[in-house]
Amino acid sequence: MEFRELETFRAIVDAGGVVRAASRLHRAQSSVTVRIRQLEASLGVRLFEREGRSLRLTAAGDVLLQYADRLLGLAEEARAAVRLDAVCGRLRLGAMESVAASRLPGPLAVFHGRYPEVVVELQTAPSRELIARLQAGGLDAAIVGDEVDDARFTSVPLYQEELILVAAAGCPLPHHPKRLNGKTLLVFQGQGCAYRRRFEQWLQSLRVVPSRVLEFGSYHAILAAAAAGVGASLIPRSVLDIYAQQDAVSWAKVPPRVAMLRTLLLMPSTTHSPALTRLVELLRTDAGARTAAAENRS
């Protein structure tokens, strides 16, 4: 099993097929096919099954994918390490959808301008899923809303988020949360969202039982539903700040024990990537500037 074979395998997975993978790798389609057949022969298993015009990973392929990500990541880290302080390579960053939308565009643009040889792959998911990907070696770092008590990881405090209650413009619900009893809640999909868990726990403490819970894949979709009068939601104020139709919703503050949450950047304690070090420095500077600006406004 060679790294070129693993790189080809990873490219086929990312591209969804041999033809597109060959284009990305700037190789002949036949060359890509040969490398995958050599990899399958060396392992003694099939890695892909054909479904119409697309390829689907077999069970063995799923297992190999996890190891391939880790091995290729280590290889990239080794290349960077031997080049001393060279800031280059691939950086796999995970973030909650709200953070990716409201916090990261500016810092990532600056980072790309300073270090154009680093390819940042941004993945969005709820906190618990991001932590699982980090533990499995599928990410180099992740910005989450949950604490992790694990000596294998280092945590860096970043953004102070304020959660607010939102509903349609003119709706009294944000100012009277107990009236949410029997109403519709708008939440981020999946149980791994730190904000969703805080919302549900708060309502339980108020003995509020909603009539139904609607799940969405983005906070902009949640805001659009709230503006349309579908229901109410607890969201980061930073997301509302970048929403184009703020006049369409009403919002209110909630108790500080519910509202205030610090996001953390998690990374393996043994990571020594110059690119990740520079990104952490940039994010900490950005978070500090935002905190200072918020304090000045208040």
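Description of the structure in this document.

**Observations concerning the pairing of strand β8 (residues 212-216)**
- As defined by bridge partners, strand β7 (residues 184-188) adjoins β8 across five bridges and the pair is classed as parallel. Each bridged residue has a counterpart across the sheet, and for Phe-188 the counterpart in β8 is Phe-216.
- For the crossover that starts at β7, traverses helix α8 (residues 194-205) and ends in the parallel β8, the hand is right-handed.

**With respect to the packing of helix α2 (residues 18-25) against helix α3 (residues 29-43)**
- At a minimum axis separation of 8 Å, α2 and α3 run at an interaxial angle of 110 degrees. Judged by the inter-axis angle, α2 sits roughly perpendicular to α3. Facing Val-18, Val-19, Ala-22 and Leu-25 of α2, the residues of α3 in contact are Gln-29, Val-32 and Thr-33.
- Split into classes, the residues belonging to the contact of α2 with α3 amount to five nonpolar, two polar and no charged.

**Re the pattern of salt bridges**
- Scanning the model with the defined rule gives 12 salt bridges in all.
- Between Glu-161 and Arg-103 there is a salt bridge; the shortest N-O distance is 3.0 Å. Of this pair, Glu-161 sits in strand β6 (residues 153-168) while Arg-103 sits in the loop between α5 (97-102) and α6 (105-114), and the two are 58 residues apart along the sequence.
- You can call Arg-103 buried: its relative accessible area is 10%.
- A salt bridge links Arg-196 to Glu-215; the nearest nitrogen and oxygen atoms lie 2.6 Å apart. Highlighted residues: Arg-196 in helix α8 and Glu-215 in strand β8, separated in sequence by 19 residues.
- It is possible to trace a salt-bridge network through shared partners that takes in Arg-10, Asp-14 and Asp-69.

**Here's the deal with unusual backbone geometry**
- Of note in this structure, Arg-207 is not a glycine but carries a positive phi near 60 degrees.
- As for its placement among the helices and strands, Arg-207 is situated in the loop between α8 and β8.

**Thoughts on the pairing of strand β3 (residues 89-95)**
- Here β3 lies mainly inside the structure; six of its seven residues are buried.
- By the bridge criterion, three bridges tie β3 to strand β5 (residues 141-144) in an arrangement that is parallel. Residue pairing in the sheet places Gly-94 in a bridge with Ala-142 of β5.

**With respect to the nonpolar core**
- Formed by 69 residues in total, the largest nonpolar core has its most connected members in Ile-143, Phe-199 and Leu-265.
- With nine residues, the top contributor of residues to this core is β6.
- Not counting chain neighbours up to four residues away, the residues in contact with Ile-143 comprise Leu-93, Gly-94, Ala-95, Met-96, Val-99, Leu-104, Leu-130, Leu-158, Thr-263, Leu-264, Leu-265 and Leu-283.
- In terms of nonpolar packing, the next biggest core, distinct from the first, is built from 18 residues, Leu-6, Phe-9, Val-32 and Leu-65 among them.

**Details of the packing of helix α1 (residues 3-15) against α2**
- Axis separation between α1 and α2 bottoms out at 8 Å; the angle between their running directions is 120 degrees. With respect to α2, the axis of α1 lies oblique. Note that α1 runs across α2; the crossing there is right-handed. Contact with α1, carried on its side by Thr-8, Ala-11, Ile-12, Asp-14 and Ala-15, involves Val-18, Arg-20, Ala-21, Arg-24 and Leu-25 of α2 and no other residues of that element.
- Taken together, the residues of the contact of α1 with α2 sort by class into six nonpolar, one polar and three charged.

**A look at the environment of Ala-100**
- Relative to the helices and strands, Ala-100 resides in helix α5.
- Sequence separation between Ala-100 and Val-239 is 139 residues, and the spatial gap between their C-alpha atoms is 10.0 Å.
- Non-local contacts of Ala-100, meaning those with residues more than four positions away in its chain, are made with Ala-95, Pro-105, Leu-122 and Thr-124.

**Some details on a nonpolar patch on the surface**
- Together, Met-1, Phe-3, Leu-43, Val-45, Val-63, Tyr-67 and Leu-71 make up a nonpolar patch on the protein surface, roughly 610 Å² of accessible area in all.
- For Val-63, a relative accessible area of 46% gives the class partly exposed.

**Some remarks on the packing of aromatic side chains**
- Within the structure shown, the criterion is met by four aromatic pairs.
- Through pairs of rings, three or more aromatic residues link up here, namely Phe-188, Tyr-195 and Tyr-219.

**Re α3**
- For α3, built from 15 residues, the straight-helix expectation of 21 Å at 1.5 Å per residue is met to within 8% by its first-to-last C-alpha distance of 22 Å.
- Turning to α3, its buried residues number three or more, namely Val-32, Ile-36, Leu-39 and Glu-40. Along the axis of α3, the buried residues cluster in a sector spanning 95 degrees; they form a single face. Of the residues in α3, the exposed ones pointing more than 90 degrees away from the buried face are Ser-30, Arg-37 and Ala-41.
- Downstream of α3 by one or two residues, Gly-44 has phi in the positive range, about 75 degrees.

The rules we used
Residues numbered from 1 in each chain as written. Predicted model: local features only at pLDDT ≥ 70, side-chain atom pairs only at ≥ 80, totals over all residues. Heavy atoms only, no water. Pairing = 2+ DSSP bridges. Helix = DSSP H or I, 4+ residues; strand = E, 2+ residues; numbered from the N terminus. Right-handed = clockwise from strand over helix to strand, strands pointing away. Axes fitted to C-alpha atoms, helices over the stretch in contact; angles between N-to-C directions. Parallel < 35°, antiparallel > 145°, perpendicular 65-115°, else oblique. Contact = heavy atoms within 4.5 Å. Nonpolar A, V, L, I, M, F, W, Y, C, P; charged D, E, K, R; others polar. Salt bridge = Lys/Arg side-chain N within 4 Å of Asp/Glu carboxyl O. Buried < 20%, exposed > 50% of the residue type's maximum accessible area, 1.4 Å probe, protein only. Core = buried A, V, L, I, M, F, W, Y, C linked by side-chain atoms within 4.5 Å. Left-handed = near helix turned anticlockwise from the far one by under 90°. Patch = residues over 30% accessible without salt bridge, like charges linked within 9 Å, V, L, I, M, F, W, Y side chains within 5 Å. Areas by Shrake-Rupley, 256 points an atom, 1.4 Å probe, with all protein chains shown as cover. Phe/Tyr/Trp six-rings, centres within 6.5 Å; stacked < 30°, edge-to-face > 60°. Expected span 1.5 Å × (residues − 1). Arc of directions from axis to C-beta.

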